[in-house]
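Examination of the molecular architecture
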Amino acid sequence: MNKIALVTGGTRGIGASISKKLSSNGIKVIANFTSDENSADKFSTVNNIDVVKFDVSSFDECKENVEIIKKKYGSIGILINNAGITRDAAIHKMNVSQWQEVINVNLNSAFNLVSNVIESMRENGFGRIIHISSVNGQKGQFGQTNYAASKAAIFGFSKSLALEVASKGITSNVVAPGYINTEMVAAIREDILKSIIDTIPGKRLGNPDEIADIVYFLTLKNSGYINGATFSINGGLRMD
Ligand code: NDP
């Protein structure tokens, strides 16, 4: 089993919790970030986890950095597609860059990374690919046609991928968080956030560690029979 993991957006928020959980369980983690050098440096020093800067929305940067990681550490056996952004606006006010940025970072990144790691996983007969989607990709959200479309598309991507690679010892699964206490949620206006929390049966935000635990579980060898699945972690906000 190959214990080298790339966690995209792995130095802040949910990604940071995932990086720490995997690392503390003996997995060699490389945590990616794109702009926030200060947070990444601090995260790396405090947690003794290597970080790598590149933009997941760029196919060329993903290709180049997957190669660099392979040469330095060995091939990636665990890929956590976690990096994501919001650019909220109602559709009549949304401009084309708000649409494209979100699709590029949240959806195109899945192709950019999976297509570059999959060959090594196939050769090794092992791989764990976990995509972080969102409850809003399942139910929709006002002001998030771009974000919800990108996150909903991840379900189709993951299931199709699972069909293609299951026979090679590779799994592809989705974790769909509800509202989790990170900077992304802190950016929501206070009164709107309060009204959202009122609709959550659990009456609280989730904790990033509650996402990291299920992601770690999905990386295990014994999770090899879980494939093409979705894990909704949302305090009961949306029940399947
Ligand atoms: P944060 O905003 O706290 O962190 C986002 C991370 O993604 C940062 O590390 C950031 O890097 C990285 N990132 C953003 N764009 C890029 C890019 N182009 N290339 C590489 N890295 C990038 O987000 P959360 O931790 O809250 O969210 C993590 C994931 O979980 C996202 O996919 C989000 O959509 C999803 N999610 C979050 C929910 C929540 O309530 N928080 C709910 C449902 C889903 P940098 O530090 O350099 O800025």
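Remember, it's a predicted structure, so these values are computed and weren't measured experimentally.

**A short note on the overall build of the protein chain**
The helix and strand inventory of the protein chain stands at nine helices and seven strands. For 240 residues, the compact-globule estimate of 2.2 N^0.38 gives 18 Å, and the C-alpha radius of gyration of the protein chain, at 17 Å, lies within 12% of that figure.

**A closer look at the nonpolar core**
Leu6, Leu79, Leu113, Ile118 and Ile129 are the most contacted members of the largest nonpolar core, which totals 25 residues. Elements that contribute at least two residues to this core include exactly β1 (4-7), α3 (59-73), α4 (96-124) and α6 (145-165). Looking at this core, the element that brings in the most residues is α4, giving seven residues. The contacts of Leu79, once residues within four sequence positions are left out, are Leu6, Leu113, Val114, Val117, Met121, Arg128, Ile129 and Ile130.

**Quick look at the site of the ligand**
Around the ligand lies a shell of 29 residues, among which Ser35, Asn82, Tyr147, Ile180 and Thr182 are the nearest. Residue Asp55 places a side-chain N or O atom 2.7 Å away from a nitrogen atom belonging to the ligand. For the ligand, whose accessible area on its own is 890 Å², the fraction buried by protein is 94%. Sorting the residues of the shell around the ligand by element identifies α1 (13-23), β2 (28-33), α6 and α7 (183-186) as the ones contributing at least two each. Considering only residue class, the shell around the ligand consists of 14 nonpolar, eleven polar and four charged.

**Concerning the packing of aromatic side chains**
This model, assessed by the stated rule, comprises one aromatic pair. Geometrically, the ring pair formed by Phe59 and Phe111 is stacked, given 5.9 Å between the ring centres and 25 degrees between the ring planes. With Phe59 in helix α3 and Phe111 in helix α4, the pair connects residues that are 52 residues apart, well separated along the chain. Residue classification places Phe59 among the partly exposed positions, given a relative accessible area of 31%.

The rules behind the values
Residues numbered from 1 in each chain as written. Predicted model: local features only at pLDDT ≥ 70, side-chain atom pairs only at ≥ 80, totals over all residues. Heavy atoms only, no water. Helix = DSSP H or I, 4+ residues; strand = E, 2+ residues; numbered from the N terminus. Rg over C-alpha atoms; globule rule 2.2 N^0.38 Å. Core = buried A, V, L, I, M, F, W, Y, C linked by side-chain atoms within 4.5 Å. Buried < 20%, exposed > 50% of the residue type's maximum accessible area, 1.4 Å probe, protein only. Contact = heavy atoms within 4.5 Å. Near = heavy atom within 4 Å. Polar contact = N/O pair within 3.5 Å; in protein donor to acceptor, adjacent residues only side chain to side chain. Areas by Shrake-Rupley, 256 points an atom, 1.4 Å probe, with all protein chains shown as cover. Nonpolar A, V, L, I, M, F, W, Y, C, P; charged D, E, K, R; others polar. Phe/Tyr/Trp six-rings, centres within 6.5 Å; stacked < 30°, edge-to-face > 60°.

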